[in-house]
Amino acid sequence: MSVELNIYRARVGLHNFRNFKVKGLGKLNNFELLTLFAILLYQAGDVEKNPGPTSESSSESSGSFHFPPLHGNLSMVHYNVQSVSNKLDVIEAEFSDFSIISLTETWLNESKLTEDLTFNEYQKPFRRDRVGDSHGGILVYVKRDIPCKRRSDLEIANVECIWIEVNIRNKKLLLGTFYRPPNASPLILSNIEQSIGLAVDTGIENICITGDLNLNTVKILINAHALINAHPPNLSRKKVRFLVHFPESRYLY
């Protein structure tokens, strides 16, 4: 007795769905899992039968970052790179439209010269390696035509961070890039708050904070905003942007 293919697939799917309800997801075999996923995809109703790049992007390499063109704005991007040495060419090619590139988890030590980390259109990068460990670390690149300087006076000794002061169109901006390891002591959060407080006390109105804190950033943002609001009215009006662990972060003038 012949059965239409779609009816057969439906029967198999329902049978395995019942098994899923009885056995639990962890005990399904490979065929049953595949059938379950196929049912879910079919029910979605918008699955492309022949997915692939469009004709416009077919020549572009897969796995690349794609950002819209940036025109006339100061722009920033943060990326947790997890070892920068073998990704320099990719980062320079993909992020070259950004004014400032902040990288965390660079995994560098004194054996790697800063001169070997430079990009063509950028100044010598600001660098902070983790002492005694080949993990962690921060790099910040700024375009050659943007006046800037490092603000080491805002950096706390046992916190992985880099602060830079940028001058653009007669405006000053403080950019702080932070990295907090997943197993860090809770005391580190207080030190990060202290560092942000030092930035607020500079009197510079525009402050941008980015990086990777490896935790729920919602609570951190609430505490940081409370820190800003705790200052007198003339300081609490500062434009403080918290752009933590976002793959792309832009600050526009």
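Not measured: the values here are computed from a predicted model. (Residues numbered from 1 in each chain as written. Predicted model: local features only at pLDDT ≥ 70, side-chain atom pairs only at ≥ 80, totals over all residues. Heavy atoms only, no water.)

1. Some points on the overall build of the protein chain
As a reminder of what qualifies: Note on conventions: DSSP H or I runs of at least 4 residues are helices, E runs of at least 2 residues are strands, and numbering of each starts at the N terminus. In this scheme, a residue with accessible area under 20% of its type's maximum is buried, one over 50% is exposed, and one in between is partly exposed, where area comes from a 1.4 Å probe on protein chains only. Here, Shrake-Rupley sampling with a 1.4 Å probe gives the accessible areas, and only protein chains in the shown set may cover a residue.
Of regular secondary structure, the protein chain possesses six helices and nine strands. Each of the 253 residues in the protein chain was classed as buried or not, and the buried ones make up 40%. A total accessible area of about 15200 Å² is found for the protein chain, and carbon and sulfur atoms account for 54% of it.

2. Considerations on the pairing of strand β1 (residues 76–80)
In plain terms, the rule: We treat two strands as partners when DSSP finds at least two bridges between them.
The buried count for β1 comes to four of five residues, which makes it a mostly enclosed element. Here β1 runs beside strand β2 (residues 100–104); their pairing, made up of five bridges, is parallel. Counted as the bridge partner of His-78 is Ser-102 from β2.

3. A short note on the packing of aromatic side chains
Any pair of aromatic rings gets described here by the distance separating the centres and the angle formed by the planes. Rules: Within 6.5 Å between ring centres, the rings of Phe, Tyr and Trp (the latter by its six-membered ring) count as paired, and their orientation is classed by plane angle as stacked under 30 degrees, edge-to-face over 60, tilted in between.
Applying the stated criterion across every chain yields a total of six aromatic pairs. Taking the centre distance of 4.1 Å and the plane angle of 10° together, the rings of Phe-119 and Tyr-141 count as stacked. Remark: Tyr-141 occurs in strand β4 (residues 138–142) and Phe-119 occurs in the loop between β2 and β3 (126–128); sequence separation between them is 22 residues. Take Phe-119 and Tyr-141: they sit in the same class, and that class is buried. Between Tyr-122 and Tyr-141, the ring centres sit 6.2 Å apart and the planes meet at 80°, which makes this aromatic pair edge-to-face. A residue pair is termed long-range when its members are at least 10 positions apart, and Tyr-122 in the loop between β2 and β3 and Tyr-141 in strand β4 qualify at 19 residues. When sorted by exposure, Tyr-122 lands in the same class as Tyr-141, which is buried. Chaining the aromatic ring pairs together yields one cluster made of Tyr-79, Phe-95 and Phe-98.

4. Considerations on the confidence of the model for the protein chain
Under the convention used in this document: Per-residue confidence from the predictor is reported as pLDDT, a score between 0 and 100. In what follows, residue pairs with any heavy atoms lying within 4.5 Å of each other are defined as contacts.
For the protein chain, per-residue confidence averages 75 on the pLDDT scale, and residues scoring 70 or more make up 57% of the total. Within the protein chain, the element-level pLDDT minimum falls on helix α6 (residues 233–236), averaging 44, and the maximum on β4, averaging 98. Long-range and interchain partners of residues 55–63, a stretch whose pLDDT sits below 50, account for two contacts in this model, where long-range means more than four residues apart. This stretch, residues 232–237, has a pLDDT under 50; its non-local contacts, to residues over four places away or in other chains, come to six contacts.

5. Describing unusual backbone geometry
We note that Ser-83 has phi near 90°; this positive angle belongs to a residue other than glycine. Locating Ser-83 in the fold gives a position in the loop between β1 and α3 (88–95). Positive phi, close to 50°, is recorded for Arg-169, a residue that is not glycine. In this structure, Arg-169 sits in the loop between β6 (160–168) and β7 (171–179).

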